[in-house]
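Residue-level structural notes
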Amino acid sequence: MSSVEQLVEGVEDLVSLPEVYLKIRELIDQPRSSIDDFANVVMLDAGISTRVLRIANSAFFGFAAQIETVSRAINLMGISQLHDLVLATSAIDAFNKLPPDQVNMEDFWRESVHCGVVSRLLATRCNVLDSERLFVAGLLHQVGHLIIYLKLPKESRQLLSSEETDTTPLFRLERNLLGFDYAQVGAELMRTWGLPEGFRTTVGLHTEPGRAESFQLETSITHMAREIVHQHELGSRGIVRELQIDPVAWRTTGLAEDMIEPVRRESMRYLLETMQLLFPIKARKHS
């Protein structure tokens, strides 16, 4: 049986982040970098620069005026948000080059984007200032699944079949069968990508937020979003499943159960638009 490290090492070259993202990371590490420096790097990639502008002009961000240039968008949203958005689009592009046979990638990303939207809404209710970072953590929380699907197809089919009938959380089914779970795989990938500790912790421990010694609020928010969206997805397939939210997450966020349905309804208002922002080609095909 492969270890987490071996599994990720086997796909590391295939799901590497693009040069544009790496250059942005370099600029962040250079204290004298200007907005124009970042804008010039983003504009090297037409797809990423278009998505940055689309997202900056979306209701999801809510800027009052129309934003027509990448430099203006970066100036308004900030370098941290630019980093997170480019990371999100770069990760999507990297994995869409390697669609596994066991999963419909459009369904996978819809659920992932939904989790990102719910994470951001929950973060806002928890007064988290950088709520866009929670959107990206929610979006990327289950990329470890894709690596498992790619590298362990036989075991993946068994796990997907078991999830339909077994009330045991999927991460525990994975640990029982594989010795590790998708969250650990995702965190290891983020380590190899050199992502900040906050992303690695939030993704790696969102299944068990009580184990997070740091970033526990972010990890708890992503955990709650995952459970809310997962219950919704199972319900759409006719599978009734109670929410399995860790008590630690309730205590850490200070949220109450009566907020779940309003957040779920609000997330549906943003889901289609956000999918269109991140997947403009598919959106045009379906329009």
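Residues numbered from 1 in each chain as written. Predicted model: local features only at pLDDT ≥ 70, side-chain atom pairs only at ≥ 80, totals over all residues. Heavy atoms only, no water.

1. Examining the overall build of the protein
- Helices and strands together make up the secondary structure of the protein, namely 17 helices and 0 strands.
- The C-alpha atoms of the protein give a radius of gyration of 18 Å, which matches the 19 Å a tight globule of 287 residues would have.
- Seen through its C-alpha atoms, the protein measures out along the principal axes to roughly 50 × 45 × 45 Å.
- The buried share among the 287 residues of the protein stands at 53%.
- In the protein, the share of contacts with a sequence separation of at least 24, taken over all contacts with a separation of at least 6, comes to 68%.
- In the form shown here, the protein has an accessible surface area of approximately 13,100 Å², with 48% of it arising from carbon and sulfur atoms.
- Between the mean site of the 29 positive side-chain charges and the mean site of the 39 negative ones, the protein shows a separation of 3 Å. (Helix = DSSP H or I, 4+ residues; strand = E, 2+ residues; numbered from the N terminus. Rg over C-alpha atoms; globule rule 2.2 N^0.38 Å. Buried < 20%, exposed > 50% of the residue type's maximum accessible area, 1.4 Å probe, protein only. Contact = heavy atoms within 4.5 Å. Areas by Shrake-Rupley, 256 points an atom, 1.4 Å probe, with all protein chains shown as cover. Lys, Arg positive; Asp, Glu negative; His and termini not counted. Charge placed at Lys NZ, Arg CZ, Asp CG, Glu CD.)

2. Some words on the packing of aromatic side chains
- With the rule as written, the count across this model stands at 3 aromatic pairs.
- Seen from their ring centres, tryptophan 109 and phenylalanine 279 are 6.2 Å apart, and the 45 degrees between their planes marks the pair as tilted. Residue tryptophan 109 is found in helix 7 (residues 105–125), and its partner phenylalanine 279 is found in the loop between helix 16 (260–278) and helix 17 (280–286); the two are separated by 170 residues along the sequence. The pair formed by tryptophan 109 and phenylalanine 279 is uniform in burial state, with each residue classed as buried.
- Pairwise contacts between aromatic rings join Phe108, Trp109 and Phe279 into one cluster. (Phe/Tyr/Trp six-rings, centres within 6.5 Å; stacked < 30°, edge-to-face > 60°.)

3. Regarding the environment of leucine 150
- With respect to the helices, strands and loops of the structure, leucine 150 is situated in helix 9 (residues 143–151).
- Its relative accessible area of 28% is what places leucine 150 among the partly exposed residues.
- If we skip the residues at most four places from it in the chain, leucine 150 touches Leu98 and Pro100.

4. Quick look at the packing of helix 7 against helix 14 (residues 216–236)
- Contact geometry of helix 7 with helix 14 gives a least axis separation of 8 Å together with a crossing angle of 135 degrees. It follows that helix 7 is oblique to helix 14 by the angle criterion. Two packed elements cross with a definite hand, and for helix 7 against helix 14 that hand is right-handed. For the pair helix 7 and helix 14, the contacting residues are Arg110, Glu111, His114, Cys115, Val118, Ser119, Leu122 and Ala123 in the first and Ile221, Thr222, Met224, Ala225, Arg226, Ile228, Val229, His230, His232 and Glu233 in the second.
- The residue inventory of the contact of helix 7 with helix 14, partitioned by class, reads 9 nonpolar, 5 polar and 4 charged. (Axes fitted to C-alpha atoms, helices over the stretch in contact; angles between N-to-C directions. Parallel < 35°, antiparallel > 145°, perpendicular 65-115°, else oblique. Left-handed = near helix turned anticlockwise from the far one by under 90°. Nonpolar A, V, L, I, M, F, W, Y, C, P; charged D, E, K, R; others polar.)

5. A word on the side chain of glutamine 142
- Looking at the element boundaries, glutamine 142 is found in the loop between helix 8 (131–140) and helix 9.
- Glutamine 142 sits in the buried class, given a relative accessible area of 4%.
- Of the polar contacts made by the side chain of glutamine 142, one reaches the side chain of serine 112; its length is 2.9 Å.
- Here glutamine 142 is in contact with Phe108, Glu111, Ser112, Tyr182 and Arg226, once residues within four sequence places are set aside. (Polar contact = N/O pair within 3.5 Å; in protein donor to acceptor, adjacent residues only side chain to side chain.)

6. A closer look at the pattern of salt bridges
- Under the defined criterion, the tally for this structure stands at 14 salt bridges.
- Residue glutamate 266 is joined to arginine 125 by a salt bridge in which the shortest nitrogen-to-oxygen separation is 3.1 Å. Note that glutamate 266 is positioned in helix 16 and arginine 125 in helix 7, a separation of 141 residues in sequence.
- Judged by relative accessible area, arginine 125 falls into the partly exposed class, the value being 35%.
- With a shortest N-O distance of 2.7 Å, glutamate 188 and arginine 191 are connected by a salt bridge. Of the two residues, glutamate 188 and arginine 191 are both situated in helix 12 (residues 182–193); the distance of 3 residues between them amounts to about one turn of the helix.
- You can call arginine 191 partly exposed: its relative accessible area is 47%.
- One salt-bridge network, held together by shared partners, links Arg172, Arg175, Asp181, Glu208 and Arg211. (Salt bridge = Lys/Arg side-chain N within 4 Å of Asp/Glu carboxyl O.)

7. A few points about the nonpolar core
- Counting 90 residues, the largest nonpolar core has Leu82, Phe95, Trp109, Leu122 and Met259 as its most contacted members.
- Aside from chain neighbours lying at most four places away, what touches leucine 122 is Ile221, Met224, Ala225, Ile228, Leu255, Met259 and Val263. (Core = buried A, V, L, I, M, F, W, Y, C linked by side-chain atoms within 4.5 Å.)

8. Focus: the state of the cysteines
- In the structure shown here, the tally under the stated rule is 0 disulfides.
- Take cysteine 126: it sits in no disulfide, and the sulfur closest to it among the cysteines is that of cysteine 115, at 14 Å.
- You can call cysteine 126 buried: its relative accessible area is 14%. (Disulfide = S-S within 2.5 Å.)

9. A short note on helix 2 (residues 19–28)
- What helix 2 keeps buried is the set Val20, Tyr21, Ile24 and Leu27. End-on, the buried residues of helix 2 take up no more than an arc of 120 degrees, which puts them together on one face.
- Those residues of helix 2 hidden inside the fold are in contact with helix 3 (35–42), helix 4 (46–56) and helix 6 (79–96). (Arc of directions from axis to C-beta.)

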